[in-house]
Amino acid sequence: GEVVRLFHAEQEKFLTCDEYKSKNHVDGSRSTKRSLGERIKYKLVAVPHGNDIASLFELDPTTLQKTDSFVPRNSYVRLRHLCTNTWIQSTNVPIDYEEDRPIRLMLGTCPTKEDKEAFAIVSVPVMEIRDLDFANDASAMLATVVEQFNQGFISQNDRRFAIKLLEDVVFFVADVLNSGQLVLNVVMSKANRERQKLMREQNILKQIFGILKAPFKDKGEGPLLRLEELADQKNAPYQYMLRLCYRVLRHSQDDYRKNQEHIAKQFGVMQSQIGYDILAEDTITALLHNNRKLLEKHITKTEVETFVSLVRRNREPRFLDYLSDLCVSNIVAIPVTQELICKCVLDPKNNDILIKTERRVPAEPTTGESQAEYLGIDDVEDDE
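None of the values given here were measured: they were computed from a predicted structure. (Residues numbered from 1 in each chain as written. Predicted model: local features only at pLDDT ≥ 70, side-chain atom pairs only at ≥ 80, totals over all residues. Heavy atoms only, no water.)

Draft legend 1. Spotlight on unusual backbone geometry. Unusually for a residue other than glycine, D175 sits at a positive phi of about 55°. Assignment of secondary structure puts D175 in the loop between α3 (156–174) and α4 (193–201). In this structure, N203 takes a positive phi of about 65° despite not being glycine. Within the secondary structure, N203 is located in the loop between α4 and α5 (204–213). (Helix = DSSP H or I, 4+ residues; strand = E, 2+ residues; numbered from the N terminus.)

Have a look at this one:
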């Protein structure tokens with residue numbers, strides 16, 4: 001078969017082997033050994049340099065091939081590590097065990113070749129590689145922005161660059177062509193699951209929350225920004241930057257439960273930024289609206305009272321719309337949330353935000369008068 005090096009595009013590293021020390025277990029069945037990694041002699045690791053012979057693997061086709069013929073694309077092969085003369089095998093040993101639901105499993109090598117331990121050679125579309133490159137570079141650049149905020153200073157040029165990058169990320173995750181439209185008005189017509197996944201896997205979401213938190217940290221000399229001062233004209237660029245961050249979060253979670261659960265881990269950060277005109281409340285509502293589990297977990301009396309206070313402060317109907325959205329999940333009413341919102345909104349202490357209406361019974365009409373009497377809008381007294 002052909003001899004190849006396996007290159008990881010995201011990490012820009014090559015695959016090789018390293019010693020794997022496994023514990024001894026009493027049960028000696030093949031399945032148990034495989035699941036616990038006992039038969040694994042070496043584990044696979046990534047190294048930065050590809051000029052080492054230890055990074056060479058041989059492709060052994062599962063179907064008969066002519067002598068010296070190339071291994072065809074979209075075929076199945078077994079992989080032999082040349083230096084150790086061992087064969088790559090799968091295990092059931094999780095390597096992301098710190099996650100709530102681990103999905104990544106360890107690969108290793110063992111001396112015995114097994115026919116069922118075959119791997120597919122799948123061509124990667126050019127667009128997928130470009131998407132990965134963009135997400136990888138964007139994450140690195142945003143990490144630099146977070147670091148600048150953590151240090152308490154970001155230059156005007158760096159701030160402009162960060163804003164332009166965040167705009168590009170919004171168009172990227174929404175899968176919408178940038179044709180000069182307002183970025184905050186971009187609407188995702190159909191979710192691009194692969195790009196949404198890149199937001200999480202390439203740590204872009206992590207950097208977004210870094211930007212949302214870092215400027216407000218006090219390192220002893222006062223924070224770079226204060227939430228209550230975002231409305232000042234001098235802070236308009238920062239306010240726009242934060243709005244872009246929340247737009248990225250909203251598009252990243254759209255119809256994607258795994259990202260919704262990932263973003264919800266930072267619910268406390270978002271909840272603390274409600275009411276400062278940076279789209280935090282808009283994002284929270286979108287996040288919880290179609291995820292009943294998250295909605296019932298995170299919407300408490302505190303959150304409802306926050307929205308009610310925003311109605312009082314801003315006199316804008318959109319905050320009532322948010323509360324209305326939180327009553328329903330996937331077109332199904334949520335009784336617990338409905339009761340919570342009703343009790344809070346209709347509490348006597350909130351009478352000042354309610355509109356009093358009454359039905360007046362008209363006097364009996366006399367001969368020749370109209371059968372109905374309507375109250376003109378000018379006749380209504382303003383209670384305030």
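Draft legend 2. Fine view of helix α6 (residues 236–253). Helix length check: α6, at 18 residues, gives a terminal C-alpha distance of 26 Å against a target of 26 Å (1.5 Å per residue), a fit within 8%. Just beyond α6, the residue with positive phi is D255, at close to 60°. (Expected span 1.5 Å × (residues − 1).)

Draft legend 3. Just the pattern of salt bridges, in detail. Counted according to the given criterion, the structure contains 20 salt bridges. The shortest N-O distance in the salt bridge between R250 and D282 comes to 2.6 Å. Placement of R250 in helix α6 and of D282 in helix α9 (residues 280–289) is noted, with a sequence separation of 32 residues between them. Note that E305 is salt-bridged to K349, the shortest N-O span being 3.6 Å. Of this pair, E305 sits in helix α11 (residues 301–314) while K349 sits in the segment after α13 (335–345), and the two are 44 residues apart along the sequence. What makes E305 partly exposed here is its relative accessible area of 29%. Residues joined in a network through salt bridges with shared partners are D60, R78, K113 and D115. (Salt bridge = Lys/Arg side-chain N within 4 Å of Asp/Glu carboxyl O. Buried < 20%, exposed > 50% of the residue type's maximum accessible area, 1.4 Å probe, protein only.)

Draft legend 4. View of the side chain of S75. If you trace the backbone, S75 turns up in the loop between β5 (56–61) and β6 (76–81). If near-sequence neighbours (up to four positions away) are discounted, S75 is found in contact with F119, A120 and I121. (Contact = heavy atoms within 4.5 Å.)

Draft legend 5. Geometry of the pairing of strand β7 (residues 86–94). Across the 9 residues that make up β7, a large majority, 7, are buried. Relative to β7, β6 runs antiparallel, the two sharing 2 bridges. Pairing of R80 across the sheet is with W87, part of β7. Where β6 folds back on β7, the antiparallel hairpin that results is connected by 4 residues, among which N85 adopts a positive phi of roughly 55°. (Pairing = 2+ DSSP bridges.)

Draft legend 6. Broad picture of the nonpolar core. The biggest cluster of nonpolar side chains holds 71 residues, and the ones touching the most others in it are I208, I211, L249, M270 and L288. Among the nonpolar cores identified, the runner-up in size contains 10 residues, and F57, V71, V77 and I88 belong to it. (Core = buried A, V, L, I, M, F, W, Y, C linked by side-chain atoms within 4.5 Å.)

Draft legend 7. Inspection of the pairing of β6 at higher detail. With respect to burial, β6 is a largely interior element, 5 of its 6 residues being buried. Pairing between β5 and β6: 5 bridges, direction antiparallel. Bridging from a neighbouring strand, D60 pairs with R78 of β6. Bridging between β6 and strand β9 (residues 119–120) involves 2 bridges; their strand directions are antiparallel. Within β9, the residue paired with Y76 across the bridge is A120.

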